[in-house]
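What follows is the residue order along each chain.
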Amino acid sequence: MMGIVLLRVVLAAAYPLLAHRASVDANNALAIVALLDLVLVVLLEPLLRARTWAWLLLALACAGLWAMRGSDVPVVLLLGPPALFAALISWFFGRSLRAGRVPVITRIAAAMEGCPPDALEPRLLRYTTRLTLAWAVLLAVLALADSALAVIAVPDGVLARLGYPPLISVSQQAWSWFANLLDYGILAVFFIGEYLLRKRWFPDPPYRNFVDFLRRMGQLGPGFWRDMFR
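Going by the annotation in an unreviewed UniProt entry, the name recorded for the protein is Ketosynthase, with Novilysobacter avium given as the source organism.

Set out below in structure tokens:
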């Protein structure tokens, strides 16, 4: 199971680099590789478990991408994933704040503390609820920014492709730097900064250091993360 996780991490880390290079160079062949990499990230576990439907989807994706090899559609398709990814994860955090649900960060904190969510210290319960909201807002802002830049990018942005030169534009390279690379830098800074802040406000956590924190997050297991999406 850990091997699947590590392979998915490698594939996920490769995608923004492949997508950035393909977008900057308008390289359709590389764009196809990037999109196929993204398909593998999504389907990796059922593929390795020999699920027939997953292999059929992979075959359809390969056939569709192969059919596009002579066009510039693959490069255009790269405009979508950054905004869609940020919007999906924002929705994931946001929906957990609805009445009757447990906020995402609250569930993670409770799992690490080894107690039910309602048994958490009230101050920690408030903090994890607000942090869940902060993640939802940050990701929503990134999704909107990615979408706006994809619309006004030239020469392969949405408006340019539709034949409407945008009044305000950014280069394809600028869009790609932001959507495919800077997004992840912003998320990493927020993640690490929040960890450091939490250490000051809650000095007795159930983990020793940052590495132990990541290890314990990984030990929550695929079942825990699947349940989070239900």
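## Focus: the pattern of salt bridges
A complete count under the given rule lists nine salt bridges for this structure. Between Asp-212 and Arg-215 there is a salt bridge, with its nearest N and O atoms 2.5 Å apart. On the criterion of helical spacing, the pair formed by Asp-212 and Arg-215 is a turn pair, its members being three residues apart in helix H10 (residues 210-219). On the basis of relative accessible area, Asp-212 is assigned to the buried category, the value being 2%. Its relative accessible area of 37% is what places Arg-215 among the partly exposed residues. A salt bridge links Asp-212 to Arg-216, with the shortest nitrogen-to-oxygen separation between them at 3.1 Å. Of the two residues, Asp-212 and Arg-216 are both situated in helix H10; the distance of four residues between them amounts to about one turn of the helix.

## Regarding unusual backbone geometry
At the junction of Val-154 and Pro-155, the peptide bond is cis and its omega measures out at 15° in the coordinates. The topology assignment puts Pro-155 in the loop between strand E1 (153-154) and helix H8 (158-161). Residue Ala-26 is not a glycine yet carries a positive backbone phi of 50°. Following the sequence through the fold, Ala-26 ends up in the loop between helix H1 (2-25) and helix H2 (28-48).

## Overview of the UniProt feature "transmembrane region" (unreviewed entry) in the protein
Under the local residue numbering, the UniProt record ascribes the feature "transmembrane region" (unreviewed entry) to residues 29-48, 53-69, 75-93, 133-154 and 174-197. This span, residues 53-69, is 88% helix and 0% strand, and a straight line between its end C-alpha atoms measures 24 Å.

## Considering the environment of Ser-90
Note on placement: Ser-90 falls in helix H5 (residues 80-95). On the accessibility criterion, Ser-90 (11% relative accessible area) is buried. In sequence terms Ser-90 and Trp-135 are 45 residues apart; their C-alpha atoms lie 6.9 Å from each other. The residues touching Ser-90, leaving out its near neighbours within four places in the chain, are Ala-136, Leu-139 and Ala-140.

Calculation criteria
Residues numbered from 1 in each chain as written. Predicted model: local features only at pLDDT ≥ 70, side-chain atom pairs only at ≥ 80, totals over all residues. Heavy atoms only, no water. Salt bridge = Lys/Arg side-chain N within 4 Å of Asp/Glu carboxyl O. Helix = DSSP H or I, 4+ residues; strand = E, 2+ residues; numbered from the N terminus. Buried < 20%, exposed > 50% of the residue type's maximum accessible area, 1.4 Å probe, protein only. UniProt positions renumbered as here; feature names shortened; annotations may be inferred. Contact = heavy atoms within 4.5 Å.

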